[in-house]
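Structural features, examined
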Amino acid sequence: MLFISPPFGNYIHLPHTKSIKGSYTLEPRDGLILQILKTLRFSFDKNGWVNKIGLRNKGLRYGIDNYNHETDILSIAIMNESEIKPILKMLPDNTNIELNVSCPNINKRLNDKGIGNFLNPKREWCIVKLSPLTNNDTIEKYYSIGFRQFHCCNTLPVANGGLSGPTLIPYVSEMIKNIKKYPNTIVIAGGGIQNIQTLNIYKNIGAVNFSVSSLFFHPIKSVVFFNNYYKNF
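This report concerns the structure included in the present document. (Residues numbered from 1 in each chain as written. Predicted model: local features only at pLDDT ≥ 70, side-chain atom pairs only at ≥ 80, totals over all residues. Heavy atoms only, no water.)

Ranked by internal contacts, the top residues of the largest apolar core, which has 52 residues, are Leu-99, Phe-118, Leu-130, Tyr-202 and Phe-225. The leading source of residues in this core is helix α5 (residues 169-179), at five residues. Ranked by size, the runner-up nonpolar core spans six residues in total, among them Phe-3, Ile-20, Trp-125 and Ile-127. (Core = buried A, V, L, I, M, F, W, Y, C linked by side-chain atoms within 4.5 Å. Buried < 20%, exposed > 50% of the residue type's maximum accessible area, 1.4 Å probe, protein only. Helix = DSSP H or I, 4+ residues; strand = E, 2+ residues; numbered from the N terminus.)

Let us look at the packing of aromatic side chains. Centre-to-centre distance and the angle between the planes together describe a pair of aromatic rings. Under the counting rule described, the total for this entry stands at nine aromatic pairs. Pairing Phe-3 with Trp-125 gives two aromatic rings, centres 5.1 Å apart and planes at 85°, and the pair type is edge-to-face. With Phe-3 in strand β1 (residues 2-4) and Trp-125 in the loop between β6 (97-100) and β7 (126-130), this residue pair connects regions lying 122 residues apart in the sequence. Residue Trp-125 is classed as buried on the basis of its relative accessible area, which comes to 8%. Between the aromatic rings of Tyr-229 and Tyr-230, the centroid separation amounts to 5.8 Å while the plane-to-plane angle is 70°, which identifies the pairing as edge-to-face. Ring-pair connections join several aromatic residues into one group, and the members of that group are Phe-8, Phe-216, Phe-217, Phe-225, Phe-226, Tyr-229 and Tyr-230. Residue placement shows Arg-148 over the ring face of Tyr-143; its charged tip is 3.6 Å from the ring centre. (Phe/Tyr/Trp six-rings, centres within 6.5 Å; stacked < 30°, edge-to-face > 60°. Lys NZ or Arg CZ within 6 Å of the ring centre and 35° of its normal.)

Turning to the sheet that holds strand β11 (residues 186-190), a few remarks are in order. Ordered in space as β1-β2-β5-β6-β7-β8-β11-β12, the eight strands form a closed barrel in which the pairing is parallel. Strand after strand, the sheet turns through a mean of 25° between neighbouring axes, direction not considered. Bridging between strand β5 (residues 72-76) and β6 involves three bridges; their strand directions are parallel. Its bridge partner being in β6, Leu-74 is matched across the sheet by Ile-97. Each of β7, β8 (149-152) and β11 is contacted by α5, which is oriented at about 180° to β11, the strand it contacts most. (Pairing = 2+ DSSP bridges. Axes fitted to C-alpha atoms, helices over the stretch in contact; angles between N-to-C directions. Contact = heavy atoms within 4.5 Å.)

Distances and angles like these do not, on their own, reveal function.
Here it is, written out as structure tokens:
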């Protein structure tokens, strides 16, 4: 399965893919367009895109109202543990979700306490999206809670926000190897996939699901990638 991650998952739906929409917070966080204009930049020295959008979004209610069960996964970011109860009350039991516990471009640590409450056999997907800096103890903690679906990984924290692109490849590769040591785990490998060759690197070390996002900044690369993907997968 191929996933289209935020922000492009909010807008792009392609055959045989899942669009991850969000990340949504319980309450709306205004200023998305301004924050994109202020912070989204290509870093030539780091060979990737950097942003500090900071989870600007229309709120979880909007996300639920615009959710398509066949094509979408809702990415949810929890600001503090007290939000879990109202989020669960709002969220249908069978909604496919990704819990974003690792966004680097917000000036606080996202909550991961109590997230086991989101595990529900009615959900086909209940994913934890990890930071590239997630250590093995944290992975083991999420596994012991009951999570089996892991997205590797979010952007890399840098001085002016979160970095995406090829810099993430060694981080993702190492995380795939570590997670696949645990039985029955499903890895969604994303980070630096600009071509089929990188996807195959992740496939060869155990990933069977993949995600793309910043690839869509490059229209020609996107067309070439999807032509190859649909021919071979």
